Amino acid sequence: MPSPFATLPAPPYYVVCFSSTRTDGDKGYGAMADAMVNLASQQPGFLGVESARGADGFGITNSYWADEISIRNWKKVVDHLAAQSQGRTEWYNHYEVRVAKVERAYSFDKTE
């Protein structure tokens, strides 16, 4: 099983934090989420993604990018724009997007 943690370079880099609450039912959400991760991974500047969703429908997806230009370009990808529109009409009750520059990063792994 692959690690749920993104393998990232040393900072600085950028993170787009997408927090959301879902509507009831899948309605194609899972397939679209997988397709968007696949599409994002093909974009210049994409570094990785981490995502989790609770049973209550609250989820957080962090996508990591080399620079702000890469984030802006990803926001303009036609298929991504279509998924955003569908998200507003079918999948999300509420979402928040935050973009930040990561200056420091560190980790702990008890298994090492």
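If you're wondering where the values come from, they're calculated on a predicted model, not measured in any experiment.

## Notes on the side chain of Ser 20
So, step 1. Topologically, Ser 20 is positioned in strand E1 (residues 13–22).
So, step 2. Looking at Ser 20, the relative accessible area reads 2%, which means it is buried.
So, step 3. A distance of 3.0 Å separates a polar atom in the side chain of Ser 20 from a polar atom in the side chain of Arg 53.
So, step 4. Ignoring any residue separated from it by four or fewer positions in sequence, one finds Ser 20 in contact with Arg 53, Gly 57, Phe 58, Gly 59, Tyr 92, His 94 and Tyr 95.

## A few points about the environment of Gly 57
So, step 1. By the secondary structure assignment, Gly 57 is in the loop between strand E2 (46–53) and strand E3 (58–65).
So, step 2. The class for Gly 57 is buried, based on a relative accessible area of 10%.
So, step 3. Once the C-alpha coordinates of Gly 57 and Asn 93 are considered, the two residues, 36 residues apart in sequence, prove to be 9.7 Å apart.

## Some words on the nonpolar core
So, step 1. Counting eleven residues, the largest nonpolar core is built from Tyr 14, Val 16, Met 36, Leu 39, Ala 40, Phe 46, Trp 65, Ile 71, Trp 74, Val 77 and Ala 83.
So, step 2. The set of elements that each furnish at least two residues to this core consists of E1, helix H1 (29–41) and helix H2 (68–75).
So, step 3. Ranked by the residues each element gives to this core, the list is headed by H1, at three residues.
So, step 4. In this structure Ala 83 touches Met 32, Met 36 and Trp 91, once residues within four positions along its chain are discounted.
So, step 5. Membership of the second largest hydrophobic core comes to five residues, among which are Ala 6, Tyr 13, Val 15 and Val 102.

## Details of the packing of aromatic side chains
So, step 1. One pass over the full model with this rule turns up eight aromatic pairs.
So, step 2. With a centroid separation of 5.2 Å and an interplanar angle of 70 degrees, the aromatic rings of Phe 18 and Tyr 92 are classed as edge-to-face. Here Phe 18 is found in strand E1, whereas its partner Tyr 92 is found in strand E4 (residues 92–102), with 74 residues between them in sequence. Considered together, Phe 18 and Tyr 92 belong to a single accessibility category, that of buried residues.
So, step 3. Here the aromatic rings of Phe 46 and Trp 65 are separated by 5.2 Å at their centres, their planes lie at 75 degrees, and the arrangement is edge-to-face. Linking Phe 46 in strand E2 with Trp 65 in strand E3, this pair joins segments that are 19 residues apart in sequence. Considered together, Phe 46 and Trp 65 belong to a single accessibility category, that of buried residues.
So, step 4. An aromatic cluster is present here, built from Phe 18, Tyr 29, Trp 91, Tyr 92 and Tyr 95 joined pairwise through their rings.

Procedures and definitions
Residues numbered from 1 in each chain as written. Predicted model: local features only at pLDDT ≥ 70, side-chain atom pairs only at ≥ 80, totals over all residues. Heavy atoms only, no water. Helix = DSSP H or I, 4+ residues; strand = E, 2+ residues; numbered from the N terminus. Buried < 20%, exposed > 50% of the residue type's maximum accessible area, 1.4 Å probe, protein only. Polar contact = N/O pair within 3.5 Å; in protein donor to acceptor, adjacent residues only side chain to side chain. Contact = heavy atoms within 4.5 Å. Core = buried A, V, L, I, M, F, W, Y, C linked by side-chain atoms within 4.5 Å. Phe/Tyr/Trp six-rings, centres within 6.5 Å; stacked < 30°, edge-to-face > 60°.

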